[in-house]
There are 2 protein chains.
Amino acid sequence: MTGEIDPYCPYFTAAMETLSKRWAGPVLRALVPGPMRFNAVASAIPSLTDSTLSQRLKEFESAGLIDRVVYSEHPVRVEYALTDKGRALGEVLMQLNGWALEWITLPDETASN
Amino acid sequence: MTGEIDPYCPYFTAAMETLSKRWAGPVLRALVPGPMRFNAVASAIPSLTDSTLSQRLKEFESAGLIDRVVYSEHPVRVEYALTDKGRALGEVLMQLNGWALEWITLPDETASN
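Reading guide: rules and limits
- Residues numbered from 1 in each chain as written.
- Chains lettered and ligands numbered in written order.
- Predicted model: local features only at pLDDT ≥ 70, side-chain atom pairs only at ≥ 80, totals over all residues.
- Contact = placed C-beta atoms within 7 Å.
- Helix = DSSP H or I, 4+ residues; strand = E, 2+ residues; numbered from the N terminus.
- Nonpolar A, V, L, I, M, F, W, Y, C, P; charged D, E, K, R; others polar.
- Expected span 1.5 Å × (residues − 1).
- Buried ≥ 20, exposed ≤ 12 C-beta atoms within 10 Å, placed from the backbone.
- Arc of directions from axis to C-beta.
- Axes fitted to C-alpha atoms, helices over the stretch in contact; angles between N-to-C directions.
- Parallel < 35°, antiparallel > 145°, perpendicular 65-115°, else oblique.

Focus: the interface of chain A and chain B
- Every contact between the two is made by 40 residues of chain A and, on the other side, 40 residues of chain B.
- The element contributing the most residues to the side of chain A that touches chain B is helix 5 (residues 84–103) of chain A, with 11 residues.
- Residues belonging to the side of chain A that touches chain B are distributed by class as follows: 29 nonpolar, nine polar and two charged.

Regarding helix 5 of chain A
Residues and elements named next belong to chain A.
- In this model helix 5 runs 29 Å from its N-terminal to its C-terminal C-alpha over 20 residues, within 8% of the 28 Å that 1.5 Å per residue would give.
- Among the residues of helix 5, those classed as buried are G86, L89, G90, V92, L93, L96, N97, W99 and A100. Seen end-on, helix 5 carries its buried residues on one side only, within an arc spanning 170°. For helix 5, the exposed residues set more than 90 degrees away from the buried face come down to D84, E91 and E102.

Some words on unusual backbone geometry
Residue and element names in this part refer to chain A.
- Along the chain, H74 connects to P75 via a cis peptide bond; the corresponding omega equals 0°.
- Looking at the element boundaries, P75 is found in the loop between strand 1 (66–71) and strand 2 (77–82).
- Although it is not a glycine, S47 sits at a positive phi angle of roughly 75°.
- Relative to the assigned elements, S47 resides in the loop between helix 3 (38–44) and helix 4 (50–62).

Comments concerning the packing of helix 1 (residues 10–20) of chain A against helix 5 (residues 84–103) of chain B
- The contact between helix 1 of chain A and helix 5 of chain B brings their axes to 8 Å, and the two run at 100°. In terms of orientation, helix 1 of chain A and helix 5 of chain B fall into the roughly perpendicular class. Here helix 1 of chain A contributes Y11, F12, A14 and A15 of chain A to the contact with helix 5 of chain B, which in turn contributes L96, N97, W99, A100 and L101 of chain B.
- A per-class count over the contact of helix 1 of chain A with helix 5 of chain B returns eight nonpolar, one polar and no charged.

What follows is the structure in structure tokens.
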């Protein structure tokens, strides 16, 4: 894994720009287990505000990472679901999660996992 | 990959906090091919300022992701190298790079890769 890899890749940098936004990673990761409603994502992630979640979801939708799925029920039901592109990214995020579980020690290890 | 995964993991969120800092991803990724000197990293990544690079390197060192290796030559040579923890993260970053190469279209596709 040495020598042939260029130290810089603009595609990687572009990916990191999307993931670097506030709560971007946790929001995308929340959708890995399956489609979720807005309130379910909002309540799953501590400290995430509705306005930040709303912004991230709009950006992810325009980046083709998630679909906003509207079920014509009464009342109407809206869920956010990863696209193929989003699911592929979700797999990488779960690898990052595996790394985090192996290597990261939380400041307060009594925090729930 | 559904059902058994919790939508939230504090370890993942902690990992994303480190990676979300300005230029954090590209700086760590630059060290994947091998140890590099400060100026080599600085010139490999467009728009990265010396002060941002310096901050990230200090944070990565205190997070145990990189080692600052001093060679007692004349003049002294200093290189930054991934630790085991950093190399493990580097492998995930290269998976993210693979995802980016497959799925991301740059605004200006004439940009060099």
